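Each chain, letter by letter, is given below.
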Amino acid sequence: MRAPLSSILIATAVAALPSIALAAENRCGWVQNPTPGNYWLDDRDGTWIIATQGSEDEALGMENMGDISAGDYVKTNGYYGYACGCMKVETERNTDPQDSAAGRITAIYSFTQLTIAKCSADKSLPAPE
C-alpha cells in the first residue's frame with residue numbers, strides 16, 4: 001500500500017527539524033547599536049551584521065534581543081551605544097574578500113545580556129566602538 005504524498009512530506013519535514021535546530025550557534029561579544037537601525041555583534045571571530053538602517057536584511061527574531069539599553073549598557077551617541085551579551089543565532093558567513101565583516105546574523109533565537117565587565121575581561125574580543 002502506498003503512503004499518501006502528504007504523509008511523506010510531513011515525515012520529511014519532521015526528520016529535518018533536528019538538523020535545523022543544530023544550525024544555531026552561540027555567539028558572545030559586544031552588541032553594538034551606534035545609530036538608529038544599525039546593529040552588529042563583535043565577537044572573537046569578527047563582526048556579524050544584525051541590521052543595517054535602510055536595508056531589508058534584518059535578522060529574523062530581532063524582538064528576541066529586546067532593549068539592550070535596559071541592562072548594563074554604555075551610551076556613546078545620545079540613546080545609542082553598546083552592551084555585552086550572548087545570543088543563539090544562525091549566521092551566514094561572508095565570502096566577499098572586499099567586505100571586512102565576518103558575516104551576517106540571519107536569525108536570533110535567544111539573547112542573554114551580560115555585564116560590561118564580562119566582555120571587557122575577555123581578551124579575545126576587540127574594544128567596542
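Let us look at the structure shown here. (Residues numbered from 1 in each chain as written. Predicted model: local features only at pLDDT ≥ 70, side-chain atom pairs only at ≥ 80, totals over all residues. Heavy atoms only, no water.)

**Some words on the pairing of strand β5 (residues 80–93)**
Across 9 bridges, the pairing between strand β1 (residues 25–33) and β5 is antiparallel. Opposite R27, over in β5, you have M87 as the bridge partner. Pairing geometry for strand β4 (residues 73–77) and β5, over 4 bridges, is antiparallel. For Y73, the partnering residue across the bridge sits in β5 and is A83. With antiparallel pairing between neighbouring strands as the criterion, β4 and β5 make up a hairpin whose turn holds 2 residues, including G78 at a positive phi of roughly 65 degrees. Judged from the 10 bridges that link them, β5 and strand β6 (residues 103–114) form a sheet pairing that is antiparallel. If you follow C86 over to β6, its bridge partner there is T112. (Pairing = 2+ DSSP bridges. Helix = DSSP H or I, 4+ residues; strand = E, 2+ residues; numbered from the N terminus.)

**Let's talk about the packing of aromatic side chains**
Inspection of every chain in the model, using the stated rule, returns 1 aromatic pair. Ring centres of W30 and Y82 lie 5.2 Å apart, and the angle between their planes is 90 degrees; this geometry places the pair in the edge-to-face category. Linking W30 in strand β1 with Y82 in strand β5, this pair joins segments that are 52 residues apart in sequence. Overall, the relative accessible area of 2% leaves W30 in the buried class. (Phe/Tyr/Trp six-rings, centres within 6.5 Å; stacked < 30°, edge-to-face > 60°. Buried < 20%, exposed > 50% of the residue type's maximum accessible area, 1.4 Å probe, protein only.)

**Focus: the state of the cysteines**
Here the structure, examined in full by the defined rule, presents 2 disulfides. What pairs with C28 in a disulfide is C86, and their sulfur atoms sit 1.9 Å apart. Taking the torsion about the S-S bond as the criterion, the C28 to C86 disulfide, at about 115 degrees, is right-handed. Placement of C28 in strand β1 and of C86 in strand β5 is noted, with a sequence separation of 58 residues between them. Residue classification places C28 among the partly exposed positions, given a relative accessible area of 31%. Of the residues examined, C86 reaches a relative accessible area of 17% and is grouped as buried. One disulfide bridge connects C84 with C119, the sulfur atoms lying 1.9 Å from each other. Between C84 and C119 the disulfide shows an S-S torsion of about 75 degrees. By sign, it is right-handed. Note that C84 is positioned in strand β5 and C119 in helix α2 (residues 116–121), a separation of 35 residues in sequence. Both residues of the pair, C84 and C119, belong to the buried class. Once the disulfide-bonded cysteines of the protein chain are ranked by sequence position, their pairing pattern turns out to be 1-3, 2-4. (Disulfide = S-S within 2.5 Å.)

**Thoughts on the nonpolar core**
Core analysis: the largest hydrophobic core is formed by 18 residues, its most contacted members being I50, M62, M65, M87, I105 and I108. Those elements that place two or more of their residues in this core are β2 (39–43), β3 (46–51), β5 and β6. With 6 residues, the next largest nonpolar core counts Y82, C84, I116 and C119 among its residues. (Core = buried A, V, L, I, M, F, W, Y, C linked by side-chain atoms within 4.5 Å.)

Note that all results are geometric; they support no functional claim without further evidence.
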